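Listed here are the chains, written in short residue letters.
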Amino acid sequence: MPPIRQVQVTFDCAEPERVARFWCEVLGYVVPPPPEGYDSWDAFERSLPPERQGAAFVCMDPSGVGPRLYFQRVPEGKVVKNRVHLDVRVGTGLVGEERLAALEAECARLVALGARRKRLLRADGVNESCMVMQDVEGNEFCLD
């Protein structure tokens, strides 16, 4: 069996484009070109049946290294804590006050984009400090 070469992370959400564009800003991702035969994503969306318009959106790492992110509209809202979450690695290699400053700076940037800060988990001798946050629809992620 050949090895798996690509991974896609899928988000259930109410507003796929809004959530995707948030994550583009967080991660430096981009919206891929529209499907062949369409000059824009809006033109592609208009070609779909009304019930499928706005039902999904994609963003990707422009370098092709990171996973593709797929956002799909679902009827139910978020009810409980995510079973899987993303760690946004902004403090790798940093410790103490230097790490906290990096976390706080990125937190401020993401809050301006619509994220919410939940809590700071301080270093405990085993794990370094990290920050629990929520995206624009309340999905948890960590600044680490």
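Calculation rules
Residues numbered from 1 in each chain as written. Predicted model: local features only at pLDDT ≥ 70, side-chain atom pairs only at ≥ 80, totals over all residues. Heavy atoms only, no water. Helix = DSSP H or I, 4+ residues; strand = E, 2+ residues; numbered from the N terminus. Buried < 20%, exposed > 50% of the residue type's maximum accessible area, 1.4 Å probe, protein only. Polar contact = N/O pair within 3.5 Å; in protein donor to acceptor, adjacent residues only side chain to side chain. Contact = heavy atoms within 4.5 Å. Expected span 1.5 Å × (residues − 1).

**Describing the side chain of R99**
- Note that R99 resides in helix 3 (residues 96–112).
- Judged by its relative accessible area of 6%, R99 falls in the buried class.
- A polar side-chain atom of R99 sits 3.5 Å from a polar atom in the side chain of D144.
- In this structure R99 touches G91, T92, L94, E128, S129 and D144, once residues within four positions along its chain are discounted.

**Quick notes on helix 3**
- In this model helix 3 runs 25 Å from its N-terminal to its C-terminal C-alpha over 17 residues, within 8% of the 24 Å that 1.5 Å per residue would give.
- Against the buried residues of helix 3 lie helix 1 (16–27), strand 5 (116–121), strand 6 (130–134) and strand 7 (140–143).
- Two residues or fewer past helix 3, G114 is found with a positive phi of approximately 115°.

Just distances and angles here, no functional claims.
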